[in-house]
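Residue strings, one per chain:
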Amino acid sequence: MKGIILAGGKGTRLYPMTKAVSKQLLPIYDKPLVYYPLSILLLAGIKEILLISTPEDTPIYEKLLGDGSYIGVRITYKVQDTPRGLADAFILGEEFIGKDSVCLILGDNVFYGQDLSKTLWSAMKKVDESGGACIFGYPVKNAREFGVVEFNKEHKVVSIEEKPEKPKSHYAVPGLYFYDNQVIEIAKNVKPSARGEIEITAVNNAYLEAGALHVQLLGRGVAWLDTGSPEGMLKAAEFVEAVQSRQGFYVSCIEEIAWRRGFITTEQLQVIGTELKMTAYGQYLLELTGGSANV
């Protein structure tokens with residue numbers, strides 16, 4: 001399976017912070033926002049990743065992440081000239097996806113929690129072995145503010161509604177999706193919505209109509225944080241700071257995840273840590289390997 005991070009858009013709800021820079025490059029506490037969705041793909045074991053962004057911001061992402069080889073993955077880039085909807089990612093990424101299945105994650109979603117890796121692996125296995133699509137359901141207090149998924153006992157989706165007045169469940173749909181290879185042709189045949197975009201909801205509804213849309217539930221031990229507003233970014237930063245300060249483990253540290261997944265060796269992690277040894281981040285990487293933070 002391959003992975004796509006969609007990091008486009010103008011981030012107008014965050015103006016003036018995003019007037020000159022992509023919101024996915026803004027910090028959530030101690031690391032760029034894009035590290036958080038990237039970490040989810042790494043946790044899922046995905047090593048081929050496409051990042052889609054604007055013409056102005058793509059070179060900055062390339063400077064930040066390079067080709068991904070330093071963390072043992074391959075990162076390529078694609079420019080989205082104008083926002084054409086989330087499902088446009090599959091059209092732009094057709095050559096990248098090839099004949100594989102694909103995971104799409106939005107660049108402004110933050111996930112953290114126990115057994116998250118197992119949940120991701122379960123969704124990926126379902127799609128790879130049985131085809132179809134898998135979305136996620138996250139329990140929220142006020143479901144009217146989100147896209148809402150209704151499902152049966154077998155976790156097959158019955159309906160998806162966008163910000164319904166009377167929600168049929170209290171499970172919201174976060175920006176993380178797994179699809180089989182049919183998603184490319186489905187996206188190509190989606191008619192643009194009234195706002196002129198190729199909506200991800202239309203793709204999900206196509207799978208729903210075919211009886212091939214499943215939902216994987218994210219339990220009480222998982223946090224999903226939306227960073228689309230200044231308040232959301234502040235809350236996400238406070239959450240990350242609290243976890244890291246209390247537990248001593250970093251949230252969404254891509255180098256650590258790559259090391260624990262076996263994408264890079266201990267020696268490679270030590271080199272990265274040594275290059276950053278004057279920072280708390282670099283010292284953390286060195287401490288992981290038993291190296292000296294004073295190297």
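Definitions and limits used
Residues numbered from 1 in each chain as written. Predicted model: local features only at pLDDT ≥ 70, side-chain atom pairs only at ≥ 80, totals over all residues. Heavy atoms only, no water. Helix = DSSP H or I, 4+ residues; strand = E, 2+ residues; numbered from the N terminus. Rg over C-alpha atoms; globule rule 2.2 N^0.38 Å. Buried < 20%, exposed > 50% of the residue type's maximum accessible area, 1.4 Å probe, protein only. Contact = heavy atoms within 4.5 Å. Areas by Shrake-Rupley, 256 points an atom, 1.4 Å probe, with all protein chains shown as cover. Phe/Tyr/Trp six-rings, centres within 6.5 Å; stacked < 30°, edge-to-face > 60°. Lys NZ or Arg CZ within 6 Å of the ring centre and 35° of its normal. Salt bridge = Lys/Arg side-chain N within 4 Å of Asp/Glu carboxyl O.

Participant: Is there a simple way to think about the overall build of the protein in this case?
Facilitator: The helix and strand inventory of the protein stands at eleven helices and 14 strands. On C-alpha atoms alone, the protein measures out to a radius of gyration of 19 Å, which is about the 19 Å that the 2.2 N^0.38 rule sets for 295 residues. The proportion of buried residues among the 295 residues of the protein is 53%. Sequence separation of at least 24 residues holds for 72% of the intrachain contacts in the protein that already meet a minimum separation of 6. In the form shown here, the protein has an accessible surface area of approximately 14,200 Å², with 51% of it arising from carbon and sulfur atoms.

Participant: Which parts of the structure should I look at to understand the environment of His155?
Facilitator: One can find His155 in the loop between β9 (147–151) and β10 (157–162). Taking the C-alpha atoms as reference points, His155 and Thr76, separated by 79 residues in sequence, lie 34 Å from one another. Among residues more than four places away in sequence, those in contact with His155 are His214, Val215 and Leu217.

Participant: Sorry, what's going on with the packing of aromatic side chains here?
Facilitator: The geometry of an aromatic ring pair is captured by two quantities: the separation of the ring centres and the angle between the planes. Under the counting rule described, the total for this entry stands at ten aromatic pairs. Residues Phe90 and Tyr179 carry aromatic rings whose centres are separated by 5.2 Å and whose planes lie at 80° to one another, so their mutual orientation is edge-to-face. You can see Phe90 sitting in helix α3 (residues 88–92) and its partner Tyr179 sitting in strand β12 (residues 176–179), a full 89 residues away along the chain. When sorted by exposure, Phe90 lands in the same class as Tyr179, which is buried. Members of the aromatic cluster, each reached through a chain of ring pairs, are Phe90, Tyr177, Tyr179 and Tyr207. Taking NZ or CZ as reference, Lys2 lies 5.4 Å from the ring centre of Phe96, over its face.

Participant: I would appreciate a short explanation of the pattern of salt bridges in the present structure.
Facilitator: Under the counting rule described, the total for this entry stands at twelve salt bridges. Residue Glu94 is joined to Lys188 by a salt bridge in which the shortest nitrogen-to-oxygen separation is 3.0 Å. Of this pair, Glu94 sits in helix α4 (residues 94–97) while Lys188 sits in helix α6 (residues 183–188), placing them 94 residues apart in sequence. Since its relative accessible area comes to 39%, Lys188 is described here as partly exposed. Here Arg195 makes a salt bridge to Glu197, at a shortest N to O gap of 3.6 Å. A relative accessible area of 18% means that Glu197 is categorised as buried. A cluster of three or more residues bridged by salt bridges with shared partners is formed by Glu94, Glu185 and Lys188.

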